[in-house]
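Chain by chain, the residues:
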Amino acid sequence: MIGLVLIIVMIVTLIIQALIPARKMLVIFIGATVTTSIAATLGNQNILNIYNGVPWDVLVILLGLGIFSSLFARSRLFSYLAVWCSRASQGKYILILIMFSSIMFILSCTLNNLTALLLVLPVLLSILKALGVNQGFIALCFSLLIVACNLGGAATPIGDFPAILLMGTGSISFLRYLILAFPMCILLFSVIVALSAFYYRKKGRKNPSLLERSLALTSMAQLYRNVTIDKTILYPGVGVFCVMFGLWMVAGRIGLSPGVICFLGVGLLMVIKNEAAEDIVRHGIDFESILFLTALFLMVSCMAGSGILDFIAGLMSRYFTDTKMLVCALMIFCGISTAIFSAGPSMATMLPIAQQIVSQGDAPGDTVYVGLALSVCAGSSFLLTAATAGPLAQSIVEKSGLTTREGPSAKFNFMTFLPFGIFAYAIIQIGGLIFVLVRV
Amino acid sequence: MSEAAVISITDMDPEGIMRTISSVISELGAFSAALVLQDTVHRLTHQREAARLAETLAEYFPLYGEIIESGLSPNEAGQIIEERTNQLIEQLRNFSSIVVVGIESVILDSLSRKLPQSRFYLIPHSETIDAERILANFPANVRLIDIREIMGLGGTRSVLISYAFCQMEEDSFIYPVTFRAVGPDVRSAYNQIVGLNILSGYKRYLSNMAPLYSTSQFFTNQFRIV
């Protein structure tokens, strides 16, 4: 009974925060307070057990990788790469589409999605402004970028929250996730890019004139004429990252948790680049996300303590007697709930259910968890509001003053993203289901 | 040079060209942007086509037309700017603070690098800029400031510089931000207010486009760049 009340409180909280994003922190903290109070008083749960249910390792990794991303971004390596992409595209629309989405995919593998967007979008917007583009291209280009961001995040265990949660809770090892998810994400990304390029070619859109292209490329070269890579950040950053990467690969064998490795690596880089690190810790950390997830984890911990998640897992197991059907149902449900509630709440709620299903022994854990991460990625790509990268990209495009060739302001919003979102959701979700069905 | 390329240049929509170089005008300066355009056109076509483009852009970007009318090739313009900027550097060596109203990257790039001991304070001439990108192109002794900070930076070791375009006798064209920034109070706060003269005299391109100002109303000293 208490479990049912807790789950109702959580669902209501998630719906309200999705409806009023401007007050989502307030809503989630009220939800966490109500849930914790109910669990501790009416549900007789020990408050320390509730706190212990929060995966602190995950929060440490998120915090550490956030600092690492911000420090690494100051090397200007990624802006440099984005400018190189502009030059290599020769001002041709289709090459811009392919190259910028590819670089976004690569960046999102290691940086958080927001940092990756903030680094690449200014360069992309400059070249699009200079070349002049129509509304169709704008919608396609930014939609593809968001999906590339999501797929890149899902490709590695440190790219985005769902994968970090899987690694941080010890559900799957770093190496195992990388081996299973990375090829799948590259494959899905290639399919989506190829279909997008095919669609664009079919529309028969012309490239800008020779003068426009030459002028746009010269302008870009001038706008970034003296931007150089800061090697004093790049070299130690790459060095520390390689060490962290190596330790994550063997984390299980050396007995270090992923969180501790992250702490050590980021701590070392902060000591090396102390002045920049001080500035980032004071001003550049996304504490909002960390607090949001902490409140969310408290709610999930209360629910897990009440036994309701085990009950739901048991119910699903009874209803779907075939293991493949059970895992597929979980994945589809996870994808849709991600589209509505976003990746954090969805993955945090679904993971305990998935763990329960895996513990019953019929389904291989690694496959289920990677399938779940792919479903979250599919859901994140469904609606523009499903992932934080979407609203950020919308806001940056709106503020940029980008106009179409015809003159009106460029539009990139919920509705312009939706057709591509449905297409991307279908491809990623089907890809994830095939992956699981082949392996279970 | 293919015929198609020549046709595409002369048939260009002027608004399309302006859209392409609008960021460059905002962040590099109108004169620097005109040089970028001249250089690009020079690489793609010949002088006659450059002049035809000047006609096409007459109402949109007259400064480009004035550069073409000056008869200087991109290389010649570059050499003159470099030589004159080096002379300007000698004049500015004794100043610790150099406040620059308006950005012209062809001048400021070498100025800021060759005077590393001086601090440069730039007041952009446009509001549609990417401040982070502008600063990433300059060394660490350069800062962007708001026009309201201009009085606080005055002093005997401070100089203010801005631009006077196409000066003809006593009159010249200036950036609107220069008009807003350099009043009698500011003139009294700085050791010198130097006007960098860019292109002398104006032909038919600029004459109907922008209001002319008496150069001495703004500048205590003048220095010819091109």
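For the structure, see preceding data.
Residues numbered from 1 in each chain as written. Chains lettered and ligands numbered in written order. Predicted model: local features only at pLDDT ≥ 70, side-chain atom pairs only at ≥ 80, totals over all residues. Heavy atoms only, no water.

Participant: Help me understand the overall build of chain B, please; the structure alone is not making it clear to me.
Facilitator: Within chain B, the regular secondary structure consists of 11 helices and 8 strands. Scaling as 2.2 N^0.38, a compact globule of 226 residues should have a C-alpha radius of gyration of about 17 Å, and chain B matches this with 18 Å. When contacts within chain B are restricted to residue pairs at least 6 apart in sequence, those whose partners lie at least 24 apart make up 76%. Computed over 18 positive and 26 negative side-chain charges, the inter-centroid distance for chain B is 6 Å. (Helix = DSSP H or I, 4+ residues; strand = E, 2+ residues; numbered from the N terminus. Rg over C-alpha atoms; globule rule 2.2 N^0.38 Å. Contact = heavy atoms within 4.5 Å. Lys, Arg positive; Asp, Glu negative; His and termini not counted. Charge placed at Lys NZ, Arg CZ, Asp CG, Glu CD.)

Participant: How should the environment of A:Val5 be read in this particular structure?
Facilitator: Position of A:Val5 relative to the elements: it lies in helix 1 (residues 2-19). Through-space distance from the C-alpha of A:Val5 to that of A:Ile308 is 9.8 Å; in sequence the pair is 303 residues apart.

Participant: Hey, could you run me through the pattern of salt bridges in this one?
Facilitator: Two side chains that carry opposite charge are able to pair once their charged atoms sit near each other. The tally for this structure, following the rule as stated, stands at 12 salt bridges over all chains. With a closest N to O distance of 2.7 Å, A:Glu278 and A:Arg282 form a salt bridge. With A:Glu278 and A:Arg282 both in helix 15 (residues 274-284) and 4 residues apart, the pair spans about one turn of that helix. Note that B:Arg148 and B:Asp146 form a salt bridge whose closest N and O atoms lie 2.7 Å from each other. Overall, the relative accessible area of 71% leaves B:Arg148 in the exposed class. (Salt bridge = Lys/Arg side-chain N within 4 Å of Asp/Glu carboxyl O. Buried < 20%, exposed > 50% of the residue type's maximum accessible area, 1.4 Å probe, protein only.)

Participant: Help me understand the pairing of strand 4 (residues 155-168) of chain B, please; the structure alone is not making it clear to me.
Facilitator: Residue and element names in this part refer to chain B. Within strand 4, 10 of the 14 residues are buried, which leaves it mostly tucked inside the rest of the structure. Relative to strand 4, strand 1 (residues 97-101) runs parallel, the two sharing 4 bridges. By the bridge assignment for strand 4, Val100 is matched with Ile161. Here 9 bridges tie strand 4 to strand 6 (residues 190-200), and the two strands are oriented parallel to one another. The partner of Val159 across the bridge, within strand 6, is Gln192. Where strand 4 meets strand 5 (residues 171-173), 2 bridges bridge the pair, whose relative direction is antiparallel. Within strand 5, the residue paired with Phe165 across the bridge is Phe173. Hairpin remark: strand 4 followed by strand 5, antiparallel, with 2 residues in the connecting loop; positive phi at Glu169, about 55°. (Pairing = 2+ DSSP bridges.)

Participant: Could you clarify how one ought to interpret the interface of chain B and chain A in this entry?
Facilitator: When the parts come together, some accessible area is lost, and that loss is often what is quoted as the size of the interface. Each partner contributes residues to the interface: chain B has 27 residues there, and chain A has 22 residues. Summed over the three residues of chain B that lose the most area to chain A, namely B:Arg19, B:Arg133 and B:Asn137, the buried surface amounts to 29% of that side. On the surface where chain B and chain A come into contact, there are 2 salt bridges. Of the charged contacts in the structure, one is a salt bridge between A:Glu212 and B:Arg19, with a shortest N-O distance of 2.8 Å. Put simply, chain B and chain A have 11 residue pairs in polar contact (both at pLDDT 80 or more) between them. Elements with a minimum of two residues in the side of chain B that touches chain A: helix 1 (3-10), helix 2 (14-28), helix 3 (30-44), helix 7 (105-114) and helix 8 (131-136) of chain B. Counting residues per element, the side of chain B that touches chain A draws most heavily on helix 2 of chain B, at 8 residues. (Buried area = accessible area lost by both parts, 1.4 Å probe. Polar contact = N/O pair within 3.5 Å; in protein donor to acceptor, adjacent residues only side chain to side chain.)

Participant: Any chance you could explain empty space enclosed by the protein here in plain terms?
Facilitator: To find the voids left in a structure, one rolls a probe of water-molecule size over its atoms. Residues and elements named next belong to chain A. Within the structure shown, the criterion is met by 5 cavities of 30 Å³ or more. One number sums up the size of the largest cavity: a volume of about 70 Å³. Lining of the largest cavity is provided by Asn150, Gly153, Ala154, Asp160, Pro162, Ala163, Tyr177, Ala343, Ala373, Val376, Cys377 and Ser380. Looking at the lining of the largest cavity, the elements with two or more residues in it are helix 8 (135-155), helix 9 (161-168) and helix 20 (365-382). Residues of the lining of the largest cavity, tallied by class, amount to 8 nonpolar, 3 polar and 1 charged. (1 Å grid on protein atoms, 1.4 Å probe; cavity = no way out; pocket = protein on both sides within 12 Å on 5 of 7 lines; lining within 4 Å. Points joined across faces, edges and corners; volume = space filled by probe spheres on them. Nonpolar A, V, L, I, M, F, W, Y, C, P; charged D, E, K, R; others polar.)

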